[in-house]
Amino acid sequence: DVTSKYFPQKHKGGGRGIINLNDKGMDKGNKNIFEAEDVLQLYDNIQKFIEPHAEEIIKELERHEQRQNRKQNKQHSQSNFRFLYFNHQNLALKSILKAPGKKLSSDTCRTLRNIHADFEKSGLAISEVCAKCSDGWVLARKSHFGGRELYLLVDHTEASQLKDLQDHMDALQEEYFSNIFML
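Residues numbered from 1 in each chain as written. Predicted model: local features only at pLDDT ≥ 70, side-chain atom pairs only at ≥ 80, totals over all residues. Heavy atoms only, no water.

Q: Could you give me a rundown of the overall build of the protein, with the residues and numbers involved?
A: Across its full length, the protein holds four helices and five strands. Ordered by position from the N terminus, the helices and strands of the protein form the series α-α-β-β-α-β-β-β-α. A burial count over the protein gives 31% of its 183 residues as buried. Contacts in the protein between residues at least 24 apart in sequence constitute 45% of all its contacts with a sequence separation of at least 6. Looking at the protein as shown, the accessible area adds up to about 12900 Å², and 53% of this sits on carbon and sulfur atoms. (Helix = DSSP H or I, 4+ residues; strand = E, 2+ residues; numbered from the N terminus. Buried < 20%, exposed > 50% of the residue type's maximum accessible area, 1.4 Å probe, protein only. Contact = heavy atoms within 4.5 Å. Areas by Shrake-Rupley, 256 points an atom, 1.4 Å probe, with all protein chains shown as cover.)

Q: So, the environment of aspartate 155: which residues are in play, and what are the values?
A: Tracing the chain through its elements places aspartate 155 in strand β5 (residues 148-155). We classify aspartate 155 as buried; its relative accessible area is 13%. Taking the C-alpha atoms as reference points, aspartate 155 and glycine 136, separated by 19 residues in sequence, lie 4.3 Å from one another. Setting aside chain neighbours within four positions, we find aspartate 155 in contact with Arg82, Lys102, Asp135, Gly136 and Trp137.

Q: Residues and numbers for helix α4 (residues 162-176), please.
A: Taking 1.5 Å as the rise per residue, α4 with 15 residues should run 21 Å; its terminal C-alpha atoms sit 21 Å apart, in good agreement. Buried residues of α4: Asp164, Leu165, His168, Met169, Leu172, Gln173 and Tyr176, and no others. (Expected span 1.5 Å × (residues − 1).)

Q: Tell me about the side chain of serine 105, and name the residues and values.
A: By the secondary structure assignment, serine 105 is in the loop between β2 (92-96) and α3 (106-121). Side-chain polar atoms of serine 105 contact the side chain of aspartate 135, separated by 3.1 Å. Beyond its immediate stretch of four places on either side in the chain, serine 105 contacts Ser134 and Asp135. (Polar contact = N/O pair within 3.5 Å; in protein donor to acceptor, adjacent residues only side chain to side chain.)

Q: Explain the packing of aromatic side chains to me, and be specific about the residues and the numbers.
A: Considering all chains together, one arrives at three aromatic pairs under this definition. Here phenylalanine 81 and tyrosine 176 contribute two aromatic rings whose centre-to-centre distance is 6.4 Å and whose plane-to-plane angle is 80°, an arrangement assigned as edge-to-face. Placement of the pair is phenylalanine 81 in the loop between α2 (36-78) and β1 (82-87) and tyrosine 176 in helix α4, with a sequence separation of 95 residues. Accessibility classification places phenylalanine 81 together with tyrosine 176 in one group, the buried group. Taking 4.9 Å as the distance between ring centres and 50° as the angle between the ring planes, the aromatic pair formed by phenylalanine 83 and tyrosine 176 counts as tilted. Remark: tyrosine 176 occurs in helix α4 and phenylalanine 83 occurs in strand β1; sequence separation between them is 93 residues. Note on accessibility: phenylalanine 83 and tyrosine 176 belong to one class, buried. Aromatic ring contacts, followed pair by pair, group Phe81, Phe83 and Tyr176 into a single cluster. (Phe/Tyr/Trp six-rings, centres within 6.5 Å; stacked < 30°, edge-to-face > 60°.)

Q: Give a detailed account of α3, specifying residues and quantitative values.
A: Turn by turn, an α-helix covers 3.6 residues, leaving residues three or four places apart pointing in a common direction. Given a rise of 1.5 Å per residue, 16 residues ought to cover 22 Å, and the 22 Å separating the end C-alpha atoms of α3 matches this to within 8%. Regarding α3, the residues found buried are Thr108, Thr111, Leu112, Ile115 and Phe119. Mapping the buried residues of α3 onto a view down its axis gives an arc of 100°, with all of them on the same face. Looking at α3, the residues exposed on the side facing more than 90 degrees away from the buried face are Ser106, Arg113 and Lys121. (Arc of directions from axis to C-beta.)

Q: Outline the pattern of salt bridges, listing residues and values.
A: Taken as a whole, this structure holds seven salt bridges when the rule is applied. In this structure, aspartate 44 and lysine 48 form a salt bridge, with 3.2 Å as the shortest nitrogen-oxygen distance. Here lysine 48 and aspartate 44 lie together in helix α2, a separation of four residues that amounts to about one turn. Of the charged contacts, one joins glutamate 60 and arginine 63 as a salt bridge, the two residues approaching to 2.6 Å between their closest N and O atoms. Of this pair, glutamate 60 and arginine 63 are both found in helix α2, three residues apart, which corresponds to roughly one turn of the helix. (Salt bridge = Lys/Arg side-chain N within 4 Å of Asp/Glu carboxyl O.)

Set out below in structure tokens:
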């Protein structure tokens, strides 16, 4: 039995437990309970068991990454969203602010800065702000628990009412940030 050979059981009071070993096969009392060949044999057996499976997993992860990259490139080329996402915890930044044939106006940049400042200095737990600027609407969400901010820019023609803005924000979160918790 491999378990009894490599992981002997001993525990006071008749219970069973595994001895903590260091890399030389020594237990806490510095007693050598394994021969060097046994330790090498154990490592060799573990490597032989894991190696074929690890190669399969690596290949599958590479295929998944390629699919994700193709999907993301396709989304970026077809995306109608203009947004800015920032995570204060890990300093992650993701943005698509330029739309084909459109420039970001100074009014919109000022509005983005003002909303960010409001998020930072407000004593209230503001989680969503909407502002109208010359380019359209800016809808911003902040996650106070996760330290995340998401800003969406929508043209006047795409959203004439506030509920339309909410639909755009929900669609943006579904497409790009479905795996991110924004409470």
